[in-house]
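Structure assessment
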Amino acid sequence: YRAVARKKDLLGKKILVTAGPTQEAIDPVRYVTNHSTGKMGYAIAKVCMQRGAKVTLVTGPTNLPKPRFVDLIEVTTAREMFEAVTALAGEQDIIIKAAAVADYRPREVKEEKIKKSDTQMSLEMEKTDDILKFLGENKKEGQFLCGFSMETENMVANSRKKLEKKNLDMVVANNLKVEGAGFSGDTNVVTLITKDEEVSLQLMSKEEAADHILDKILSMSV
Ligand code: CTP
Ligand code: CA
């Protein structure tokens, strides 16, 4: 069985993984979120653990079972994820940000349920902090920073911009337009984008993709 037969090539490494969506409250009964099951991040955390790493998983709300032998930190909002991740970032060798963080949150959370009226309603939104950008600006010597990228057009060019702007070592770009790819399934089609190259992986399970991502990271770190 592969999991036990696995080479412990991440032994001694501290790895922080984020997964899932965030939820930003509008009022006591409603929130803003995005499509994310958390499966990719959980697969990465599991594979990291099986390959010998000491893993912390910071996760937004998902329906997935708690992974074993992983330090689990459950959060709800982008702000909570920011706090949890930045508190632990300094001690990590590798940080992999698979979470789908909300870019905006309602400017204020209403204390009472908003009642419907006969007219349209609008919601004022403010930006959340970009966790990954903060990590890139505060990257410690030798630390490997891997982001994810969700694009519906110009995937490689847009992902490259994120690589540069956020000072990342790799971006895993999700091919949303391909059959078998995307949020909800157990398979994915991703492209690994680094400063010097782009590696397009075939359709494969999220755990297999996780293995490829970690192989690439190991090949690039000293
Ligand atoms: N990310 C983050 N904090 C945010 C928003 C995004 O850490 N507030 C991270 C995600 O976890 C992901 C990466 O940034 O690893 C890219 O997320 P993505 O939504 O694809 O890109 P954005 O930079 O948010 O830009 P846009 O949504 O406009 O494409
Ligand atoms: Ca975004």
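Cut-offs used in this document
Residues numbered from 1 in each chain as written. Chains lettered and ligands numbered in written order. Predicted model: local features only at pLDDT ≥ 70, side-chain atom pairs only at ≥ 80, totals over all residues. Near = placed C-beta within 6 Å. Helix = DSSP H or I, 4+ residues; strand = E, 2+ residues; numbered from the N terminus. Nonpolar A, V, L, I, M, F, W, Y, C, P; charged D, E, K, R; others polar. Pairing = 2+ DSSP bridges. Axes fitted to C-alpha atoms, helices over the stretch in contact; angles between N-to-C directions. Expected span 1.5 Å × (residues − 1). Buried ≥ 20, exposed ≤ 12 C-beta atoms within 10 Å, placed from the backbone. Arc of directions from axis to C-beta. UniProt positions renumbered as here; feature names shortened; annotations may be inferred. Contact = placed C-beta atoms within 7 Å.

For the chain, the name recorded in an unreviewed UniProt entry is Coenzyme A biosynthesis bifunctional protein CoaBC, with Blautia hydrogenotrophica as its organism.

1. Side note on the site of ligand 1
Lys97, Val101, Ile131, Leu132 and Gly147 are the nearest of the 14 residues found near ligand 1. At the level of elements, α4 (131-137) and β9 (144-151) are the ones that each hand at least two residues to the shell around ligand 1. Top element by residues in the shell around ligand 1 is β9. It accounts for four residues. Grouping the constituent residues of the shell around ligand 1 by class yields seven nonpolar, three polar and four charged.

2. As for the sheet that holds strand β4 (residues 54-59)
Spatial ordering of the open sheet is given by β5-β4-β1-β6-β9-β10-β12-β13, a layout of eight strands whose pairing is mixed. The open sheet has two edge strands, β5 (71-74) and β13 (198-200), and neither has a second partner. Each strand axis lies, on average, 15° off the axis of its neighbour in the sheet, ignoring direction. Note: strand β1 (residues 14-19) against β4, six bridges, orientation parallel. Bridge pairing in β4 links Lys14 to Lys54.

3. Some details on helix α6 (residues 206-220)
For α6, spanning 15 residues, the distance from its first C-alpha to its last is 21 Å, which sits close to the expected 21 Å at 1.5 Å a residue. Of all the residues in α6, the buried ones are Lys206, Ala209, Ala210, Ile213, Leu214 and Ile217. Within α6, the buried residues cover an arc of 135° as seen down the axis, which keeps them to one side.

4. Comments concerning the UniProt feature "binding site: CTP" (unreviewed entry) in the chain
Per the UniProt record, "binding site: CTP" (unreviewed entry) is annotated on Asp103, Lys113, Phe148, Lys162 and Lys166. Spatial dispersion of the annotated residues is evident: they stretch over 64 residues in sequence, and the largest pairwise C-alpha distance comes to 37.6 Å. By secondary structure assignment, the location of Lys113 is in the loop between β7 (104-106) and β8 (125-127). In this structure Lys113 touches Asp27, Pro28 and Val29, once residues within four positions along its chain are discounted. Not counting residues within four places of it along the chain, the set of residues in contact with Lys166 comprises Leu132, Lys133, Gly136 and Gly147.

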